[in-house]
Amino acid sequence: MAWLDALRGYAALTVVLFHLSPQMIGIDRHMAIMRQIDFGKYGVLLFFLVSGYVIPMSLERHGSLRRFWTGRLLRIYPAYLATIALVALLVTAGLMRWPGSLRAETVTGVLAHASMTPDLAGLRGVVRVFWTLSYEMVFYLIVTGLHAWRLHRLSAWWAGGLALVALLAGPHLPNDLLGGTFARRRVLAGVLLIVLALVVLACLKERFTKGAGVLGLAVVFVPALNGHPTANSTATSSQQALTFLAVMFAGTVVHRWQRGHIGRFAALTALTMVTLGLLGSQRTYATTAALAATFLFAYAIRNRTMPLVLSWLGRISYSLYLLHVVLLFLMLRLVPELGTQPAPVRLLAGFTYLTAAIGLAWLSYRMVELPAQKLARAIAEGSSARPITATQRVLAGTGRGENQRRSV
């Protein structure tokens, strides 16, 4: 799936350049562009579309919820924890500070970070970009529930339904029902961690998976009722939070349509509803149009040879996404008020920063991500001799024959 790697690489580079741009072109120009098209949200929404396309494909390829969660946990947590460890080291050295919300609500912050859901708990992540991981985790839990109950072919209903709820009921949904107070945020962070632990444990043990599926599906109520519990949450409302999930399911709809699992009418209807939902919550036509055009273009040329640079960036995109803000903060300490410096200084600093960020991401990929991925494959191969479960039989039947399932 080289086109997905290339799209990831492009999205990661877009987010990095978006965060760098105030220092390169000045804050006024940056804000003027952002009022027309938000390249930060554009890059993140591209990531969400790719996740929505890949995650169901990954689940069906693994053939079991056990293998899926083994692969997911070893795919996302090692680099995530390594980033937190790097920040902790820099804080100890006096080069960084923990976000204020984490200092004020330390227990809640630890619980929320353990489940990768700080944004939904109303806290700033150790690294600001951690907010997107909250929605990734919610998506994993919902998809797990759908597969546990054999409802995974209903992607179009979820995409269109979430978008429709966001569009029609969004302005009336509560934004902080579950996390509007200190006590509620702590309880919510604890409950989310318990839910994640129970779902993962049930899937790894391959027992009580339907009960775990109910818990996974129930998590949808958190962004629906608590999308913006505090000013530290990046999502501006529950309406926008639901739209983020709808975008992920839109990626799943494209995957289902491509595989012939759903018809053209259902797919187009769902994708149209998601587009309308985006316009209703984002209120930036250019961002939505650019998002749709980019994904459709990448999909249209998916069978062509992708630029090697973008494919390589796609492989290190997760580490690049997590680490680039940390390096940007350090650069601004080394070169204070960089945005007011002469152009040659800004260009040199920008080039040095990009080189360092990509280099550090590559190092993280080689030393952290790859070993974890190899471990996940070893665990999967070690479990291949296990008897086939009912869940595996269901998931194995989602393709059109064994050869096609393997090709996914």
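Quick note: structure is the one above.
Residues numbered from 1 in each chain as written. Predicted model: local features only at pLDDT ≥ 70, side-chain atom pairs only at ≥ 80, totals over all residues. Heavy atoms only, no water.

## Regarding the packing of aromatic side chains
And then number 1: Applying the stated rule across the entire model yields 18 aromatic pairs.
And then number 2: One aromatic cluster is present, built from ring pairs that chain together Trp-3, Tyr-53, Phe-295 and Tyr-299.
And then number 3: The ring of Trp-149 has Lys-210 sitting right over it, with the charged end atom 4.9 Å from the ring centre. (Phe/Tyr/Trp six-rings, centres within 6.5 Å; stacked < 30°, edge-to-face > 60°. Lys NZ or Arg CZ within 6 Å of the ring centre and 35° of its normal.)

## Quick look at helix H9 (residues 182–205)
And then number 1: Between its first and last C-alpha atoms H9 spans 35 Å; for 24 residues at 1.5 Å apiece the expected length is 34 Å, and the two agree.
And then number 2: Those residues of H9 that fall on the buried side of the exposure criterion are Arg-185, Leu-188, Ala-189, Gly-190, Leu-192, Val-195, Leu-196, Val-199, Val-200, Ala-202 and Cys-203.
And then number 3: Of the surrounding elements, those touching the buried residues of H9 are helix H4 (65–92), helix H6 (106–114), helix H7 (131–148), helix H10 (209–218) and helix H11 (221–226).
And then number 4: The positive-phi residue at the C-terminal boundary of H9 is Glu-206, with phi of around 55 degrees. (Helix = DSSP H or I, 4+ residues; strand = E, 2+ residues; numbered from the N terminus. Expected span 1.5 Å × (residues − 1). Buried < 20%, exposed > 50% of the residue type's maximum accessible area, 1.4 Å probe, protein only. Contact = heavy atoms within 4.5 Å.)

## Remarks on unusual backbone geometry
And then number 1: Despite not being glycine, Met-116 shows a phi value in the positive range, around 60 degrees.
And then number 2: Of note, Met-116 is situated in the loop between H6 and H7.
And then number 3: When its relative accessible area of 2% is taken as the criterion, Met-116 is described as buried.
And then number 4: The backbone of Phe-208 sits at a positive phi, close to 55 degrees, despite the residue not being glycine.
And then number 5: By the secondary structure assignment, Phe-208 is in the loop between H9 and H10.

## Let's talk about the pattern of salt bridges
And then number 1: In this structure the tally under the stated criterion is four salt bridges.
And then number 2: Residue Arg-256 is joined to Glu-60 by a salt bridge in which the shortest nitrogen-to-oxygen separation is 2.6 Å. On the criterion of sequence distance, the pair formed by Arg-256 in helix H12 (residues 238–259) and Glu-60 in helix H3 (residues 39–62) is long-range, its members being 196 residues apart. For the pair formed by Arg-256 and Glu-60, the shared burial category is buried.
And then number 3: Linking Glu-369 and Arg-75 is a salt bridge whose minimum nitrogen-to-oxygen distance equals 2.6 Å. Of this pair, Glu-369 sits in helix H17 (residues 343–382) while Arg-75 is found in helix H4, placing the two residues 294 residues apart along the sequence.
And then number 4: Accessibility expressed as a relative area gives 2% for Glu-369, which makes it buried. (Salt bridge = Lys/Arg side-chain N within 4 Å of Asp/Glu carboxyl O.)

## Let's talk about helix H8 (residues 155–168)
And then number 1: Here H8 spans 20 Å end to end across 14 residues, near enough to the 20 Å set by a 1.5 Å rise per residue.
And then number 2: What H8 keeps buried is the set Ser-155, Ala-156, Ala-159, Gly-160, Leu-162, Ala-163 and Ala-166. Buried residues along H8 cover an arc of 160 degrees about the axis, so they all sit on one side. Away from the buried face of H8 by more than 90 degrees, exposed residues Trp-157 and Leu-168 are located. (Arc of directions from axis to C-beta.)

## Digging into a nonpolar patch on the surface
And then number 1: There is a patch of nonpolar side chains on the surface, built from Trp-149, Leu-151, Leu-154, Trp-157 and Val-214 and spanning about 510 Å² of accessible area.
And then number 2: Within the secondary structure layout, Leu-154 lies in the loop between H7 and H8. (Patch = residues over 30% accessible without salt bridge, like charges linked within 9 Å, V, L, I, M, F, W, Y side chains within 5 Å. Areas by Shrake-Rupley, 256 points an atom, 1.4 Å probe, with all protein chains shown as cover.)

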